[in-house]
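Here's the letter readout for the chains.
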Amino acid sequence: MDELASMQLTAAAGPVAAEGDTLTIAGRTMRSRLVLGSGGFPSLELLSEAVAASGCELVTVALRRVLAGGEPKAGGSLVDVLSAAGVGVLPNTAGCRTARDAMLTARLAREAFATDWIKLEVIGDEDTLLPDAAELLRAAEELIDEGFVVLPYTTDDPVLARRLADVGCAAVMPLGSPIGSGMGVCNPYNIALLREAVDVPVVLDAGVGTASDAALAMELGCDGVMVASAIARARDPARMAAAMRAAVDAGRLARAAGRIPRRRYATPSTPDEGLADFG
Amino acid sequence: MILLNGQSADVQAGEPVSAILRHMGLDPDARGVAVAVDGEVVPRAQWDSFALPEDARVEVLGAMQGG
């Protein structure tokens with residue numbers, strides 16, 4: 001058995017971030033900076049294992065038509081699994097193409113899950129699933145007026161992020177790259193600029209493909225990372241969840257530690273002083 | 001005719017929303033379920049009293065893995 005395969009998940013998932021380091025969004029304080037998407041898991045059992053391995057405290061869920069006697073089973077089983085895991089539910093408006101549909105979905109989610117929190121998604125393009133900025137801003141503004149805690153899935157545009165924060169969004173969730181693409185953080189400069197542009201928490205959402213992407217997002221200053229496909233579609237979801245947990249912690253620590261500047265040429269780490277002269 | 005999740009349903013106008021849920025075999029107390037009629041949310045507290053209008057378009061939604 002190879003060494004990696006025999007590694008205990010608990011060892012990989014051990015807490016490395018500073019004690020007491022927490023993320024607060026709209027008054028809710030979480031020890032974990034990882035948000036898990038529940039979509040794409042082959043089974044609820046694998047989802048449950050990934051939730052445990054990730055250490056996350058917030059998991060997204062969607063709303064879809066209930067088929068008589070079919071799936072989803074009246075919402076029961078998924079909600080029960082998340083409830084048993086002790087994590088909060090973050091409903092989303094995935095699949096909505098207009099502000100109107102997203103607002104109605106948010107109101108239904110409030111009814112279904114008894115939470116004011118909504119991960120607001122308004123999709124503007126079928127191939128890239130990129131957000132529709134105009135509809136997103138409009139929906140965010142109206143939902144905030146209705147008392148929702150809005151976490152918008154947005155582009156990596158710092159100006160749009162500022163507009164969303166200005167209308168009262170509790171956090172912003174910029175994409176690293178398109179949903180499910182696994183391309184990581186395509187424009188790290190924008191993510192860093194966006195982080196500086198807003199005072200609300202920034203949770204990178206979409207595009208994370210593997211652990212180093214999550215670490216990079218945190219190193220760029222993000223306050224948290226949301227991961228769905230990269231865990232759900234990994235060969236071993238629970239192990240990838242543990243990797244993401246460690247990566248978020250590592251990136252957070254590296255950000256706090258302060259990285260060295262990049263240079264084009266070498267800087268010796270061993271002094272030349274006292275160098276022997278061999279004639 | 002009542003349209004339930006896009007399909008004609010064996011429920012009459014005038015019946016309460018809870019009749020639809022029974023028709024679907026759903027437990028009205030189940031978490032993670034929400035109902036909209038003609039594009040408006042029907043709060044859980046009104047499921048027994050809200051009468052379906054003629055030709056109502058009813059959406060019954062439930063929690064699903066996503067996002």
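Definitions and cut-offs
Residues numbered from 1 in each chain as written. Chains lettered and ligands numbered in written order. Predicted model: local features only at pLDDT ≥ 70, side-chain atom pairs only at ≥ 80, totals over all residues. Heavy atoms only, no water. Helix = DSSP H or I, 4+ residues; strand = E, 2+ residues; numbered from the N terminus. Buried < 20%, exposed > 50% of the residue type's maximum accessible area, 1.4 Å probe, protein only. Contact = heavy atoms within 4.5 Å. Areas by Shrake-Rupley, 256 points an atom, 1.4 Å probe, with all protein chains shown as cover. Lys, Arg positive; Asp, Glu negative; His and termini not counted. Charge placed at Lys NZ, Arg CZ, Asp CG, Glu CD. Phe/Tyr/Trp six-rings, centres within 6.5 Å; stacked < 30°, edge-to-face > 60°. Lys NZ or Arg CZ within 6 Å of the ring centre and 35° of its normal. Buried area = accessible area lost by both parts, 1.4 Å probe. Salt bridge = Lys/Arg side-chain N within 4 Å of Asp/Glu carboxyl O. Polar contact = N/O pair within 3.5 Å; in protein donor to acceptor, adjacent residues only side chain to side chain. Pairing = 2+ DSSP bridges. Arc of directions from axis to C-beta.

(A) Here's a closer look at the overall build of chain B. When helices and strands are tallied, chain B shows 1 helix and 5 strands. For chain B, the α and β elements follow one another from N to C terminus as β-β-α-β-β-β. Dimensions of chain B along its principal axes, counting C-alpha atoms only, are 35 × 25 × 20 Å. By residue count, 43% of the 67 residues in chain B fall in the buried class. Partitioning the intrachain contacts of chain B with sequence separation of at least 6 by distance along the chain shows that 53% fall at a separation of at least 24. Total accessible area on chain B is roughly 3300 Å²; 47% of this is exposed by carbon and sulfur atoms. Averaging the coordinates of the 4 positive side-chain charges in chain B and doing the same for the 10 negative ones gives two points 9 Å apart.

(B) Local environment of the packing of aromatic side chains. All names here are of chain A. Following the criterion strictly, the structure yields 0 aromatic pairs over all chains and no others. For Arg28, the ring lying beneath its charged end belongs to Trp117, and the centroid distance is 5.1 Å. Against the face of Phe148 rests Arg110, its NZ or CZ located 3.8 Å from the ring centre.

(C) Just the interface of chain A and chain B, in detail. Across the boundary between the two partners, chain A contributes 34 residues, which contact 26 residues of chain B. For the pair chain A and chain B, the summed buried area comes to about 2400 Å², and 60% of that belongs to carbon and sulfur atoms. Seen at the junction of chain A and chain B, the total is 2 salt bridges. Linking B:Arg31 and A:Asp80 is a salt bridge whose minimum nitrogen-to-oxygen distance equals 2.4 Å. Across the contact surface, chain A and chain B share 14 residue pairs in polar contact (both at pLDDT 80 or more).

(D) Expanded view of the pattern of salt bridges. Residues and elements named next belong to chain A. Inspection of every chain in the model, using the stated rule, returns 14 salt bridges over all chains. In this structure, Asp116 engages Arg110 in a salt bridge whose closest nitrogen and oxygen atoms are separated by 3.3 Å. Residue classification places Asp116 among the partly exposed positions, given a relative accessible area of 35%. Between Glu135 and Arg138 there is a salt bridge, with its nearest N and O atoms 3.7 Å apart. With Glu135 and Arg138 both in helix α6 (residues 133-145) and 3 residues apart, this pair spans about one turn of that helix. Salt bridges linked by common partners bring Asp21, Arg33 and Arg252 together as one network.

(E) Highlighting the sheet that holds strand β8 (residues 173-174) of chain A. Residue and element names in this part refer to chain A. Ordered in space as β6-β7-β8, the 3 strands form an open sheet in which the pairing is parallel. Unpaired on one side and paired on the other, β6 (117-120) and β8 mark the two borders of the sheet. In the sheet, strand β7 (residues 149-154) pairs with β8 via 2 bridges, with the strands oriented parallel. When the bridges of β8 are listed, Thr154 appears paired with Pro174.

(F) Region of the structure containing unusual backbone geometry. Residues and elements named next belong to chain A. With a phi close to 50 degrees, Ala26 is a non-glycine residue in the positive phi region. Counting through the fold element by element, Ala26 comes out in the loop between β1 (23-25) and β2 (28-30). One non-glycine residue, Leu129, lies in positive phi territory at about 55 degrees. Considering the arrangement of structural elements, one finds Leu129 in the loop between β6 and α6. Judged by its relative accessible area of 26%, Leu129 falls in the partly exposed class.

(G) Focus on helix α7 (residues 158-166) of chain A. All names here are of chain A. Among all positions of α7, only Pro158, Leu160, Ala161, Leu164 and Ala165 are buried. An end-on view of α7 places all buried positions within 160 degrees of arc, on one side of the element. Of the exposed residues in α7, those oriented more than 90 degrees away from the buried face are Val159 and Asp166. Against α6, β7 and α8 (188-197) lie the buried residues of α7. Positioned one or two residues after α7, Gly168 has a phi angle of 115 degrees, which is positive.

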